[in-house]
Amino acid sequence: MLERLLPPEVRSAHTRTDPPAAVLFPAEAAQVVNAVAKRRQEFTTVRHCARLALAELGVPPAPIPRGVRGAPIWPDGIVGSMTHCAGYRAAAVGRASQVGGLGIDAERDGPLPDGVLDQISSAGERAHLAELTETRPGVPWERLLFSAKESVYKVWSPRTGAWLGFEEAEVSFDMVRETFTARLLVPAPFPTLTGRYLVEDGIVLTAIVLPPAGE
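The following refers to the structure shown.

Reading the values: the criteria
By convention here, each chain's residues receive numbers from 1 onward along its written sequence. Two thresholds apply to this predicted model, a pLDDT of at least 70 for residue-level local features and 80 or more for giving and counting side-chain atom pairs, whereas whole-chain, interface and lining totals are computed over all residues. Side-chain metrics in this entry use all non-hydrogen atoms of the structure; hydrogen atoms and water are not considered. A run of DSSP states H or I qualifies as a helix once it reaches four residues; a run of E qualifies as a strand once it reaches two. Both are numbered from the N-terminal end. Buried means the residue's accessible area, taken with a 1.4 Å probe over protein chains only, is under 20% of the maximum for its type, while exposed means over 50%, and partly exposed covers the values in between. The positive count covers Lys and Arg only, the negative count covers Asp and Glu only, and His and the chain ends enter neither. A carboxyl oxygen of Asp or Glu within 4 Å of a side-chain nitrogen of Lys or Arg is what we treat as a salt bridge. By definition, residues are in contact when any of their heavy atoms lie within 4.5 Å. The aromatic pairing rule takes the rings of Phe, Tyr and Trp, using the six-membered ring of Trp, and pairs them if the centres are within 6.5 Å, calling planes under 30 degrees apart stacked, those over 60 edge-to-face and the rest tilted. Placement of a positive charge over a ring is assigned whenever Lys NZ or Arg CZ falls within 6 Å of the ring centre and within 35 degrees of the normal to the ring plane. Pairing between strands is defined by DSSP: at least two bridges between the two strands are required. Helix span, as expected, comes to 1.5 Å for every residue beyond the first. Working note: the arc is built from the helix axis to C-beta atom directions.

1. Brief notes about the side chain of Glu-107
Then comes step 1: For Glu-107, the position within the fold is in strand E4 (residues 101-108).
Then comes step 2: One buried charged side chain, Glu-107, makes no salt bridge at all; its nearest oppositely charged neighbour is Arg-143, positioned 4.1 Å away.
Then comes step 3: For Glu-107, the residues in contact, after removing those within four places along its chain, are Cys-85, Arg-143, Phe-146, Ser-147, Glu-150, Gly-202, Ile-203 and Val-204.

Structure (structure tokens):
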């Protein structure tokens, strides 16, 4: 599923289960030694996916520890993103010479919990979602908005080292092209970001890929 949202220079891997063969490097295991079993399994499987994707780039297995605000620390010369939700784990990677930034997010299909939409969206975004819902009522637009903003943050954070609140990016969707545009409402190295989305088999996916620096 995920590969359909990504250009060929980005490699990805995903799984719907937690394979027994997935293991952690000692430096990774130390970061989740006190975590509950579910969290350790997610952490392990998504790094298994990342190493499979890295292998497609010819990068040997290496630790991918958690850094500032939980962001993964990738091998030198690599940009990447990881995501997991119930029943789905995935990772995408690319060489920094070919990809300037990468953000992916997966969520379970379905409405957001009560009250969450008001916390993550502006009045304008909610009006936009209402219009989309009238046209395509079967699409989980609220969940797509949440996922798109997660992907925005995963691109933003490695480039800036700063926090970005949900209210600091305004997202709109093009349901014909199945793309979205995020307008940053704070000073940013990129005033807008464009991504793609997919809803299939109970999973909502969003992805943003930036060109390399200088393009």
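Continuing now.
2. Looking at the packing of aromatic side chains
Then comes step 1: According to the stated counting rule, one finds seven aromatic pairs in the structure shown.
Then comes step 2: Aromatic side chains Phe-173 and Tyr-197 sit 5.7 Å apart centroid to centroid with 85 degrees between the ring planes, which places their arrangement in the edge-to-face category. Of this pair, Phe-173 sits in strand E5 (residues 169-174) while Tyr-197 sits in strand E7 (residues 192-200), and the two are 24 residues apart along the sequence. Note on accessibility: Phe-173 and Tyr-197 belong to one class, buried.
Then comes step 3: The structure contains a cluster of three or more aromatic residues connected by ring pairs, namely Trp-141, Phe-173, Phe-180 and Tyr-197.
Then comes step 4: The cationic tip of Arg-47 hangs over the ring face of Phe-43; the distance from NZ or CZ to the ring centre is 3.6 Å.

3. Digging into the pattern of salt bridges
Then comes step 1: Taken as a whole, this structure holds ten salt bridges when the rule is applied.
Then comes step 2: We note a salt bridge from Asp-18 to Arg-89, for which the minimum N-O separation is 2.7 Å. Here the residue Asp-18 occupies a position in the loop between strand E1 (11-15) and helix H1 (26-29), and Arg-89 occupies one in strand E3 (residues 88-95), the gap between them amounting to 71 residues.
Then comes step 3: The salt bridge involving Arg-126 is made with Asp-118; its shortest N-O contact spans 3.6 Å.
Then comes step 4: Classification of Arg-126 as partly exposed rests on a relative accessible area of 29%.
Then comes step 5: By relative accessible area, which is 54% here, Asp-118 ends up exposed.

4. Here's the deal with the pairing of E7
Put simply, side chains in a regular strand alternate between the two faces of the sheet.
Then comes step 1: Sheet topology note: the strand E6 (residues 179-184)/E7 ladder contains five bridges and is antiparallel. Paired with Thr-181 across the strands is Thr-194, a residue of E7.
Then comes step 2: Relative to strand E8 (residues 203-210), E7 runs antiparallel, the two being bridged by six bridges. From the neighbouring strand, Leu-198 faces E8, where its bridge partner is Leu-205.

5. Some details on helix H4 (residues 123-135)
Then comes step 1: Spanning 13 residues, H4 covers 19 Å between terminal C-alpha atoms, matching the ideal 18 Å at 1.5 Å per step.
Then comes step 2: Along H4, the residues that are buried comprise Glu-125, His-128, Leu-129 and Leu-132. Projected onto a plane normal to the axis of H4, the buried residues spread over an arc of 100 degrees and lie on a single side. Facing away from the buried side of H4 by over 90 degrees, the exposed positions are Ala-123, Glu-131 and Glu-134.
Then comes step 3: Close packing links the buried residues of H4 with helix H3 (116-120), helix H5 (141-160) and E5.

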